[in-house]
Amino acid sequence: GTLRAAESLPLALDAMHRGVAFRCIVLCLRDPRTGRLQGRVGLGPEAQDMATLFKVLPDAQAAGDLFALLCAKGADLLVSDSRTVVSRLPGWYRENINAPTFLLLPLMVRGKPVGLIYADKARAGEIHLSDHDLALLRTLRDHIATSIEHAA
């Protein structure tokens, strides 16, 4: 099962990256030792370097860390203008990435966070997702979550 998961992850991410023309996309997977969601794969300019910065510890009480909060709750979020949530963004994100618009899609398996898909674009308000786009992204996300579950 692991080989199949390893092969399907880049394909699903690539479909998202090109399908919605994101600037960067990062896949984070749960580190079993620390419980953190660690950036593993990046697509787009400098996204692989960006991926190394992602270390999200899911925490339902994390008022000042939108990433930790959403991952704990398994809630998707599209931020059209990151200035509107700047006080809730983690420091490592604000200092190093700070994209003007981004999408967070937590990966949940049996109610537990096992990963996160982060995607962004270069200008605020630039991510326009139709219902069809969102359905496609969620299907790909669920496919990735399923392959992680079966690889474990």
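A quick note: this is a predicted structure, and the numbers were derived from the prediction, not measured. Starting afresh in each chain, residues are numbered from 1 along the sequence in its written order. Reporting in this predicted model follows two pLDDT cut-offs: at least 70 for local features of residues, and 80 or more for side-chain atom pairs to be given and counted; totals over whole chains, interfaces and linings ignore these cut-offs and use all residues. Note that the side-chain values use all heavy atoms of the structure and ignore hydrogens as well as water.

Please clarify how the pairing of strand β1 (residues 24–30) should be interpreted in this entry.
A regular strand places its side chains so that they alternate between the two faces of the sheet. When accessible area is computed with a 1.4 Å probe and restricted to protein chains, residues below 20% of their type maximum are described as buried, those above 50% as exposed, and intermediate ones as partly exposed. Each helix corresponds to a stretch of at least 4 residues labelled H or I by DSSP, and each strand to a stretch of at least 2 residues labelled E; elements are numbered beginning at the N terminus. Of all seven residues making up β1, six are buried, and the element is well covered by its neighbours. Strands qualify as paired when DSSP identifies two bridges or more between them. Of the pairings in the sheet, the one linking β1 to strand β6 (residues 112–121) comprises six bridges and is antiparallel in character. In the strand pairing of β6, C28 is matched with L116. Here β1 runs beside strand β2 (residues 37–43); their pairing, made up of six bridges, is antiparallel. Counted as the bridge partner of C28 is G39 from β2.

Mind showing me how you'd approach the packing of aromatic side chains here?
What describes a pair of aromatic rings is the distance from one ring centre to the other and the angle between the planes of the rings. Aromatic rings from Phe, Tyr and Trp, taking only the six-membered ring of Trp, are treated as a pair when their centres fall within 6.5 Å; an angle between ring planes under 30 degrees marks them as stacked, one over 60 as edge-to-face, and anything in between as tilted. Within the structure shown, the criterion is met by eleven aromatic pairs. Here the aromatic rings of F67 and Y118 are separated by 6.4 Å at their centres, their planes lie at 25°, and the arrangement is stacked. Here the residue F67 occupies a position in helix α3 (residues 66–73), and Y118 occupies one in strand β6, the gap between them amounting to 51 residues. The exposure class of F67 is buried, given its relative accessible area of 0%. Taken together, the ring pairs connect F54, F67, W92, Y93, F102 and Y118 into an aromatic cluster.

Honestly, the pattern of salt bridges in this entry has me stumped. Any pointers?
When the charged atoms of two side chains lie near each other, side chains of opposite charge can form a pair. By definition, a salt bridge exists where a carboxyl oxygen of Asp or Glu is found within 4 Å of a side-chain nitrogen of Lys or Arg. Tallied over the entire structure, the rule returns eight salt bridges. Here D14 makes a salt bridge to R18, at a shortest N to O gap of 2.8 Å. Linking D14 with R18, this pair stays in helix α1 (residues 2–19), spanning four residues, or about one helical turn. Residue class for R18 comes out exposed when judged on its relative accessible area of 63%. When the shortest N-O distance is used, the salt bridge between R138 and D76 registers 2.8 Å. Remark: D76 occurs in the loop between α3 and β4 (77–79) and R138 occurs in helix α5 (residues 131–151); sequence separation between them is 62 residues. Given the relative accessible area of 35%, R138 is considered partly exposed.

For this particular structure, what's the right way to read the sheet that holds β2?
Hydrogen bonds along the backbone pair up the strands of a sheet, which may run parallel or antiparallel. Pairing is antiparallel in the open sheet, where six strands are placed in the order β3-β2-β1-β6-β5-β4. Each of the sheet's edge strands pairs with one partner strand only, and the pair in question is β3 (55–56) and β4. Here α5 sits on the sheet and contacts β1, β5 (101–109) and β6; the angle it forms with β5, its principal contact strand, is near 40°. A contact between two residues is defined here by any heavy atoms of the two lying within 4.5 Å. Axis geometry follows a simple rule: fit a line to the C-alpha atoms, using only the stretch in contact for helices, then measure angles between N-to-C directions, giving values from 0 to 180 degrees.

Mind showing me how you'd approach the side chain of D120 here?
Assignment of secondary structure puts D120 in strand β6. The class for D120 is buried, based on a relative accessible area of 0%. Under this definition, polar contacts are N or O atom pairs within 3.5 Å; protein pairs additionally need one hydrogen-donor-capable and one acceptor-capable atom, and for neighbouring residues in sequence, both atoms have to be side-chain atoms. In this structure the side chain of D120 is engaged in a polar contact, spanning 2.7 Å, whose partner is the side chain of Y118. Apart from residues lying up to four places away in sequence, D120 is in contact with F22, R23, C24, M50, I97, A99, T101, F102 and I127.

Honestly, unusual backbone geometry in this entry has me stumped. Any pointers?
A positive phi angle, near 50°, is found at N98, a position not held by glycine. Its location among the elements puts N98 in the loop between α4 (91–96) and β5. Looking at N98, the relative accessible area reads 37%, which means it is partly exposed. Phi angles above zero are rare outside glycine, and R110 is one such case at about 50°. Structurally, the position occupied by R110 is in the loop between β5 and β6.

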